[in-house]
Amino acid sequence: MKATLVKIKNWFVRHAPTKRRIIQLYSALLFNANIKGYITGDIFKGLSKNACTPGLNCYSCPGALTACPLGALQNAFSESRKTTPYYIFGIILIYCIMFGRWICGWLCPFGLFQDLVYKIKTPKLKKSKVTKALSYLKYVVLVFFVVIIPLAYAFRDFPLPGFCKYICPAGTLGGAIALLINPANSGKFLMLGPLFTWKFALLVSFTVAAIFIYRVFCRFVCPLGALYGIFNKIAIFGIKLEKKACIDCGKCITTCKMDITTVGDHECINCGDCISVCPTQAISWRGSKIILPDNEIKAATTDKEREAASARLKKRKKVVSIIVAAVLAAVLAGALIYANFIDKPTKPTAGSEIGDACYSMELEIVDGGGATVSVEDLAGKVVVVNFWGTWCGPCKEELPHFNELASEYSDSVVFLIVHTDYTRDEAPAYIAEHFPSSKMLFVYDVPILNEDGNATGDDKYFTELGGTSGFYPRTVVLDINGKITFTIDGKIEKAELADEIDRALLKK
Amino acid sequence: MSKSKIKGISVLITSVLLILLGILFIACTAHLYLTGGARPYSRERVGEYLSLLAIPSLITLLSCVVSFVFVLLFGEEKSEARADLTAPTLKRLSGRLSLEDCPEKIKGEILLERKKRKLALLFSAVFIAVFCIVMAVFLLNFKRFTLESYNADVIEAALIVLPLAVGIVGVICVKYYFDSESKKRELLLVREGLSAGAKAIGDTEAREECKCKALAFLSAHSDKVLLISRLTVIALALVFIGVGILNGGMADVLGKAVRICTECIGLG
């Protein structure tokens, strides 16, 4: 019994959280500090989303405080005909040159998820020539899904994030599942279809594989890791190998679970496990001497001086650690307070459920010279209100169906197509190009003003008609008296909308 | 039954259960989708399928806990990962081998291996380029990708593009396998050369032997080159961020990030 207790105690001592694990948990919490989002089922909409998380963290996750660099990059490629993507290039370059794949090993929330599932006691697949060859697959994913697909669709004026849409498991886990388990989003189940089936299957496959294969997604698929890996050798912070001290024993390579050829190459996630196994201490942290220079020890001529210098360096390390820990704790506390207490959510007001009377919306007509239209003016006809944006792929996909229905029902139904975005620059050109003589009535939503009177985007009526969850597109059908008969978030098929219109018309 | 056998069996059972559970989850999702009609998913239907999966999940969880306890009590076996040490060792040793002093036969064979690898690189580059050009020509001439049928168009395009992509990956794998075998042979030859009395030269001499003066210069001043390249990249990144803020790139990032990307999370 005593021996068993000793074994258990030794196990806990051996498996106490390492510095790396603590930093991984800290960064996962920091990047997903919007705890309130998990409770309300809504995503964070604050200004911190101007910045990007260094690792893979879907911005549609209810907890996410920042944007995902990969999602932002693909979106930037999709919009590259209008805006050259300097900003996101700059952000990613900074991360690449400062940290390289240290981000993968220490900051990425999805990397943490894989590390944790790998701890389940099962036989593990060892690295080999096959895994080494497969590790180049992520460069193919980077070129094809992150660059080519969004650029190709940019020429069709259609935003399509190839990697996010067809592969990314972080979006399915952190975004879809986290949103859907909230009862407030129970209606969103109707939006699920073949894409979710595919992505869920992919998520389950990656999760099961990660139990048996160390960091399967990071090694073989992650395009962000591929990007960071290109700069890994020249990044400021990371692992370095002192070639003069290296005796080529290969212990670092055999200890490492990644498919490295040498320590610090493009596959190295800078976890630091190799530092302790190197018999000649040839492996160390690059950049550590910027913060804690050891020139006093090097300058010492006697053993006594060296000991004194080492003691001073040790003391300095302790002080720096305390300061860094205090700063990080303050940053996390600040993020939690900002996200959960300062940023007030927009609550849905009455008038968003079936049977409610729609608010009297007064909306400016696109290219109408300031002319407006009000829902009250359209009394006596069924009104289909669709909230869309030029930045939204599914929205653009369904508009041609709305156009066809608008022609078919032109006598009895008005299609009010409401554009929502931070800018009104793109909508007129898009509408003129794709719907030149449409029966649909294109209008702009109204800006929401914050406490300082500044506009935070054109989505006032979208929000008031129950669209607080940010799911686009949103379609609302009003009967001849302006009462809501049908609402749906997400794309709607032509036949289904025609049925709802017929139902609303029958109520005459 | 010995402790290690008990531990081994429990770990094996856990592995099998985990794989089966994964397959069950995927199968249930596929069944839900295929039998659900136009809008297959609803909270109630998903709840029904989850209740079916509850017992297998609990059994798997129990198995994980049991195998964890057995490993805790009976000790964990440490096994080193297999690793190919050929490439780094070869790089280190062959960089120090003076080919001029090497026996002719060994020198010839070493140069032949290097030539073979260069030829393999050339052939694989040509194959990959051809595959990429075919893919690009197909995609650029693909007249569809309309908004109405883009899902179907993507599947159709994927049926052409995927085999080409698999071909590219296959060429890379073959090249990699060929290279690793060739490097193993070269490593044996280099070791033979060194033991036959060929001179092992130091790093400085190796740099001076380098015929490319630019490479030799860069190698001698590697620290300064590294510092300059880092500073250049940082400066470029800061300029890009500044220009990006001015040209509206930052607003684009915010505009996309504050709205749920339904495609990204599989909702449409």
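Residues numbered from 1 in each chain as written. Chains lettered and ligands numbered in written order. Predicted model: local features only at pLDDT ≥ 70, side-chain atom pairs only at ≥ 80, totals over all residues. Heavy atoms only, no water.

### Section: the overall build of chain B
Phase 1: Per the secondary structure count, chain B includes 9 helices and 0 strands.
Phase 2: If you list the helices and strands of chain B from N to C, you get α-α-α-α-α-α-α-α-α.
Phase 3: Taken over 268 residues, chain B has a buried fraction of 33%.
Phase 4: Summed over its atoms, the accessible surface of chain B is roughly 15900 Å², and 71% of this surface lies on carbon and sulfur atoms. (Helix = DSSP H or I, 4+ residues; strand = E, 2+ residues; numbered from the N terminus. Buried < 20%, exposed > 50% of the residue type's maximum accessible area, 1.4 Å probe, protein only. Areas by Shrake-Rupley, 256 points an atom, 1.4 Å probe, with all protein chains shown as cover.)

### Some points on the overall build of chain A
Phase 1: The helix and strand tally for chain A stands at 23 helices and 11 strands.
Phase 2: Counting over 508 residues, chain A shows a buried share of 56%.
Phase 3: Of the accessible surface of chain A, which amounts to about 21800 Å², a share of 64% is contributed by carbon and sulfur atoms.

### A short note on helix α7 (residues 109-118) of chain A
Residue and element names in this part refer to chain A.
Phase 1: Of all 10 residues making up α7, 8 are buried, and the element is well covered by its neighbours.
Phase 2: All of the buried residues along α7 are P109, F110, G111, L112, Q114, D115, V117 and Y118.
Phase 3: Packing partners of the buried residues in α7 comprise α2 (19-31), α11 (169-180), α12 (194-212) and α13 (216-220). (Contact = heavy atoms within 4.5 Å.)

### Re the interface of chain B and chain A
Phase 1: In this assembly, 85 residues from chain B lie in contact with 113 residues from chain A.
Phase 2: For the pairing of chain B and chain A, the buried interface totals around 9100 Å² over both sides, and the portion due to carbon and sulfur atoms is 69%.
Phase 3: Where chain B touches chain A, the interface holds 1 salt bridge.
Phase 4: Linking A:K129 and B:E181 is a salt bridge whose minimum nitrogen-to-oxygen distance equals 2.9 Å.
Phase 5: Where chain B touches chain A, the interface holds 10 residue pairs in polar contact (both at pLDDT 80 or more).
Phase 6: Where the side of chain B that touches chain A is concerned, the elements lending two or more residues are α1 (3-34), α2 (43-74), α3 (86-94), α4 (104-141), α5 (150-195), α8 (222-246) and α9 (249-257) of chain B.
Phase 7: For the side of chain B that touches chain A, the element with the highest residue contribution is α8(B), accounting for 12 residues.
Phase 8: For the side of chain B that touches chain A, the residue count by class is 52 nonpolar, 18 polar and 15 charged. (Buried area = accessible area lost by both parts, 1.4 Å probe. Salt bridge = Lys/Arg side-chain N within 4 Å of Asp/Glu carboxyl O. Polar contact = N/O pair within 3.5 Å; in protein donor to acceptor, adjacent residues only side chain to side chain. Nonpolar A, V, L, I, M, F, W, Y, C, P; charged D, E, K, R; others polar.)

### Points about the pattern of salt bridges
Residue and element names in this part refer to chain A.
Phase 1: Tallied over the full model, the rule gives 21 salt bridges over all chains.
Phase 2: Its salt-bridge partner being R20, residue D115 comes within 3.1 Å of it at the nearest N-O pair. With D115 in helix α7 and R20 in helix α2, this pair connects stretches of sequence that are 95 residues apart. Like R20, D115 is buried.
Phase 3: Owing to a relative accessible area of 4%, D115 belongs among the buried residues under this scheme.

### Considering the sheet that holds strand β5 (residues 382-388) of chain A
Residue and element names in this part refer to chain A.
Phase 1: Overall, mixed pairing links the 7 strands, which are arranged β4-β3-β7-β6-β5-β10-β11 in an open sheet. Whereas interior strands pair on both sides, the edge strands pair on one side only; in this sheet they are β4 (372-374) and β11 (484-489). On average, each strand axis in the sheet is inclined to that of its neighbour by 30°, with strand direction left out of account.
Phase 2: Where β5 and strand β10 (residues 474-478) come together, 5 bridges link them in antiparallel fashion. Pairing of F387 across the sheet is with R474, part of β10.
Phase 3: Helix-sheet contacts for helix α20 (residues 393-408) involve β5, β6 (413-419) and β10, and the interaxial angle to β5 is about 160°. (Pairing = 2+ DSSP bridges. Axes fitted to C-alpha atoms, helices over the stretch in contact; angles between N-to-C directions.)

### So, the packing of α12(A) against α1(B)
Phase 1: Close contact between α12(A) and α1(B) brings their axes to 9 Å; oriented N to C, the two are set at 180°. One finds that α12(A) runs roughly antiparallel with respect to α1(B). Contacts between α12(A) and α1(B) involve A:P194, A:T197, A:F200, A:A201, A:V204, A:S205, A:V208, A:I211 and A:F212 from the former and B:S15, B:L18, B:I19, B:G22, B:F25, B:I26, B:T29, B:A30 and B:Y33 from the latter.
Phase 2: Classifying every residue of the contact of α12(A) with α1(B) by side-chain character gives 13 nonpolar, 5 polar and no charged. (Parallel < 35°, antiparallel > 145°, perpendicular 65-115°, else oblique.)

### Details of the confidence of the model for chain A
Phase 1: Taken as a whole, chain A shows an average pLDDT of 86; of its residues, 91% reach a score of 70 or greater.
Phase 2: Ignoring residues within four places in sequence, the model shows residues 346-350 of chain A, a span with pLDDT below 50, making 7 contacts including any to other chains. (pLDDT = per-residue confidence, 0-100.)

### Regarding empty space enclosed by the protein
Empty space among the atoms becomes apparent when a probe as large as a water molecule is rolled across them.
Phase 1: Evaluated as defined, the whole model comprises 7 cavities of 30 Å³ or more.
Phase 2: Taken as a whole, the largest cavity spans an internal volume of roughly 100 Å³.
Phase 3: A:A76, A:P85, B:G249, B:D252 and B:V253 are, among the 13 residues lining the largest cavity, the residues nearest its centre.
Phase 4: Where the lining of the largest cavity is concerned, the elements lending two or more residues are α4 (69-78) and α5 (86-99) of chain A together with α9 of chain B. (1 Å grid on protein atoms, 1.4 Å probe; cavity = no way out; pocket = protein on both sides within 12 Å on 5 of 7 lines; lining within 4 Å. Points joined across faces, edges and corners; volume = space filled by probe spheres on them.)

### Quick notes on α2(A)
Residues and elements named next belong to chain A.
Phase 1: Taking 1.5 Å of rise per residue, the 13 residues of α2 would be expected to cover 18 Å, and the 18 Å separating its terminal C-alpha atoms lies within 8% of that figure.
Phase 2: Listed in full, the buried residues belonging to α2 are R20, R21, Q24, Y26, S27, A28, L30 and F31.
Phase 3: Where α2 is buried, its residues meet α6 (102-106), α7 and α19 (303-342). (Expected span 1.5 Å × (residues − 1).)

### Regarding the side chain of A:T390
Phase 1: Structurally, the position occupied by A:T390 is in the loop between β5 and α20.
Phase 2: When sequence neighbours within four positions are dropped, the list of residues in contact with A:T390 reads A:P159, A:K396, A:H419, A:D421, A:E426, A:A427 and A:Y430.

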